[in-house]
Amino acid sequence: MPSIPLFPLKTILFPDGHLPLQVFEVRYLDLVKRCIAKGEEFGVVSLLDGSEVRVPDQHETLSACGTMARIIDWSAPLPGLLQISCIGTTRFQVKSAEQLKHGLWMAEVEEVAEDMVVPIPTEQQDVANALGALIRSLQKKQISTANMSLAPPYRLDEAGWVANRWCELLRLDMEEKQRLLLQENPVLRLELVQDVLSENGLLDNH
C-alpha cells in the first residue's frame, strides 16, 4: 500500500464498523473533500496521547495499527463543517508515520489480511445471540444506528463480524482493543470477547 493519510481518534475502528464523524479542522476538511472527490479511503488510528483537535506545541502519539475508512455518506450543514459516515474496511499496521507542516499525518502501512469468513462455533453461539438481542432492543426503541458502530447488514452468523462489533461496543482499554484488532483468527477473537462478556455477566449462563 502506498503512503496513506491518517485520522487519529480517541476510538478504534474495526472492519465493517460504522463511524460517524464531524469534520471541521482544515487539515481534515481538505483530506475528506479529496477522499469524497476521488473515492479514496483514509486510515483511522487510535490517538494514545494528545487531543483530537490540534493544539499548539502538543505532541500526538498514534497507535501502530488501524483500519481504513471508506466514506459512504456525507453532508455539509454549515460552511467549514462536514458530517460524514464511514465504514471500516482493511486493517493495517503502521510502519512509519510523519506529521506534515499543516498537521496531517501520513503513514507507510502494511495491510493485514482480511478475516476468513467462519461460521459461529456452537460454543460461542451465546455471543452472537447476545448481540442479536441488543440489536433487536435498539430497533424496538427506534434508536438510530446512524450514531452507532452497528450498521446493517447484520452478519450474526459470522465469527469475525460478531467479534468486531463487540470489540467496538465493549469498554476495553485501547491496548486490549488493538490486540483484538490484530488477532488474525476471528474465532480466537470471538473466544476472547466471550471471556470478557462472561466476566461482566453479559451472557445467559446455561
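In this report, the structure presented in the accompanying data block is examined. Quantities reported herein were computed from a predicted structural model and do not represent experimental measurements.

### Describing the layout of surface pockets
Next, step 1: In this structure, the largest pocket occupies an estimated 280 Å³ of space.
Next, step 2: Around the largest pocket sit 16 residues that line it, and Pro15, Asp16, Glu114, Asp115 and Arg155 are the ones nearest its centre.
Next, step 3: Mapped by element, the contributors of at least two residues to the lining of the largest pocket are strand S5 (81-99) and helix H3 (159-169).
Next, step 4: At 4 residues, the largest contribution of residues to the lining of the largest pocket is made by S5.
Next, step 5: For the lining of the largest pocket, the class distribution of residues is 4 nonpolar, 5 polar and 7 charged.

### Points about unusual backbone geometry
Next, step 1: With phi around 70°, aspartate 16 is a residue other than glycine that occupies positive phi space.
Next, step 2: Within the fold, aspartate 16 resides in the loop between strand S1 (4-9) and strand S2 (18-23).

### Re the pairing of S1
Next, step 1: Counting buried positions along S1 yields 6 of 6 residues, so the element is predominantly enclosed.
Next, step 2: Both S1 and strand S6 (residues 105-112) contribute to a ladder of 3 bridges, which runs antiparallel. Its bridge partner lying in S6, proline 5 is registered against methionine 106.

Cut-offs used in this document
Residues numbered from 1 in each chain as written. Predicted model: local features only at pLDDT ≥ 70, side-chain atom pairs only at ≥ 80, totals over all residues. Heavy atoms only, no water. 1 Å grid on protein atoms, 1.4 Å probe; cavity = no way out; pocket = protein on both sides within 12 Å on 5 of 7 lines; lining within 4 Å. Points joined across faces, edges and corners; volume = space filled by probe spheres on them. Helix = DSSP H or I, 4+ residues; strand = E, 2+ residues; numbered from the N terminus. Nonpolar A, V, L, I, M, F, W, Y, C, P; charged D, E, K, R; others polar. Buried < 20%, exposed > 50% of the residue type's maximum accessible area, 1.4 Å probe, protein only. Pairing = 2+ DSSP bridges.

What is shown is where atoms sit, not what they do.
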